[in-house]
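Residue-level structure breakdown
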Amino acid sequence: MRGDSMERRSSAPSDGGSDVQRLVELAGQLRRAMGPVEPPLPFVRGLGQELIEAARRQRDAVRRTRRGLLIGAAALGSALSLVGLTAVLLLLRRRQSPPPTAMG
Amino acid sequence: MKQLSDAELVARAKADPEAFGALYERHVAQVYRYLYYRTGNVQDAEDLTARTFYRALQALPRYQDRGLPFIAWLYRIAHNIVANWLRDHSRRPTVALDAVATTAAPEKEPHAAAEESEEQERLLAAVRCLPQDRQELLTLKFVAGMSNAEIGAVLGKSEGAIKSLYHRTLLALRQQLIEE
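Per chain, residues are indexed from 1 in the order of the written sequence. Following the order in which they are written, the chains are lettered starting with A and the ligands numbered starting with 1. Selection of residues for local features in this predicted model requires a pLDDT of at least 70, selection of side-chain atom pairs for listing and counting requires 80 or more, and totals for whole chains, interfaces and linings are taken over all residues. Based on all heavy atoms of the structure, the side-chain values leave hydrogens and waters out of the count.

**As for the interface of chain B and chain A**
Put simply, the rule is: By definition, residues are in contact when any of their heavy atoms lie within 4.5 Å. Summed over both partners, buried area is the accessible surface (1.4 Å probe) that two parts give up on being assembled. We define a salt bridge as a side-chain nitrogen of Lys or Arg found within 4 Å of a carboxyl oxygen belonging to Asp or Glu. Here a polar contact is taken to be a pair of N or O atoms separated by no more than 3.5 Å, where protein atoms must pair a possible hydrogen donor with a possible acceptor and residues adjacent in sequence count only if both atoms sit in side chains. Only DSSP runs of H or I reaching four residues or more are called helices, and only runs of E reaching two or more are called strands; each is numbered from the N terminus.
In this assembly, 48 residues from chain B lie in contact with 36 residues from chain A. Interface area for chain B against chain A, summed over the two sides, is near 3900 Å², with a carbon-plus-sulfur share of 69%. Across the pair R56 of chain A and E18 of chain B runs a salt bridge whose closest N-O atoms are separated by 2.7 Å. Put simply, chain B and chain A have nine residue pairs in polar contact (both at pLDDT 80 or more) between them. Taken together, the elements giving at least two residues each to the side of chain B that touches chain A come down to α2 (17-39), α3 (42-59), α5 (110-128), α6 (132-143), α7 (148-155) and α8 (159-179) of chain B.

Here's what the structure looks like:
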């Protein structure tokens, strides 16, 4: 995760060697000044619990949505099948019934 | 759960809340640190850390592994959140980074430690005067310990652009310190 070209360049001799050296020192100062800061433990624990609860709610919502979609798709499929079957039956009945004769 | 890699945990976390909890525990300190140095105070760092993880939870089903560490994805979310926060509030961190003093080496002589702490405060004050993108770069490099390529991925810039920006940032910072 680390790879400071600035720090690598410090060993390379160049005209601006002292300049580079000063920048390397500045980088070192920054690294020390921006030292590790730990989050307060009660905050970490509290947020962790809240997040796990939120993740559970999100998972349950996804499951409910999926189940709803599945039931919806099944209902739609059944309805389409029924419509199709009715249409076929009507078609068959129409074919079987004799054509109306012209009267008079 | 603790032995699993980030990629394995992410795959599990899409259906298992405990796996998301494990990812949170693994990365919360890093995200908090980054946001602490970006906001300058504990309250806002906590608030934005919570927002970052809630947003990560919502976005997790759409997460795709693109070869970068999972933490880079979290930093990207945190970066967007802090950018919005800075824009909405039109503010820069003004409160002293009081915890920084506690990070100075405790074994030093009190006088030397106080001097170093003062020096660090001066340096951090100079950092806070830099433009936002430069502050961001320094935070990602020194707080998150990211490489130029990883910083580029978070900020949406090339590795070369980050390298160049880093160089210019150090020069500007040094100039600023000299002028003070």
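**Details of the packing of aromatic side chains**
All names here are of chain B. Applicable threshold: Only Phe, Tyr and Trp rings take part, Trp by its six-membered ring, and two of them pair if their centres are within 6.5 Å. Stacked means planes under 30 degrees apart, edge-to-face means over 60, and tilted covers everything else. Buried residues are those whose accessible area, probed at 1.4 Å on protein chains only, stays under 20% of the maximum for their type, while exposed residues exceed 50% and partly exposed ones sit between those limits.
Enumeration according to the criterion identifies nine aromatic pairs over all chains in this entry. Ring geometry for Y32 against Y36: centres 6.2 Å apart, planes inclined by 20°, an arrangement best described as stacked. Taken together, the positions of Y32 and Y36, both in helix α2 and four residues apart, correspond to about one turn of that helix. For the pair Y32 and Y36, a shared accessibility class is recorded, and that class is buried. Ring centres of F70 and W73 lie 5.4 Å apart, and the angle between their planes is 35°; this geometry places the pair in the tilted category. Linking F70 with W73, this pair stays in helix α4 (residues 70-89), spanning three residues, or about one helical turn. For the pair F70 and W73, one class covers both residues: buried.

**Here's the deal with the packing of α4 of chain B against α7 of chain B**
Residues and elements named next belong to chain B. Keep this limit in mind: Geometry is summarised by axes, namely lines fitted to C-alpha atoms with helices restricted to the contacting stretch, and by angles between N-to-C directions that run from 0 to 180 degrees. Oblique is the label for every angle not falling under 35 degrees (roughly parallel), over 145 degrees (roughly antiparallel), or within 65 to 115 degrees (roughly perpendicular). In a left-handed crossing the near helix is turned counterclockwise from the far helix by less than a right angle, and in a right-handed crossing that turn is clockwise. Side-chain classes are defined by residue name, with Ala, Val, Leu, Ile, Met, Phe, Trp, Tyr, Cys and Pro counting as nonpolar, Asp, Glu, Lys and Arg as charged, and the others, Gly among them, as polar.
Contact geometry of α4 with α7 gives a least axis separation of 8 Å together with a crossing angle of 45°. It follows from the interaxial angle that α4 and α7 lie oblique. As for how α4 packs across α7, the hand of that crossing is right-handed. In contact with A72, Y75, R76 and H79 of α4, α7 contributes A153, V154 and L155. The class makeup of the residues in the contact of α4 with α7 is five nonpolar, one polar and one charged.

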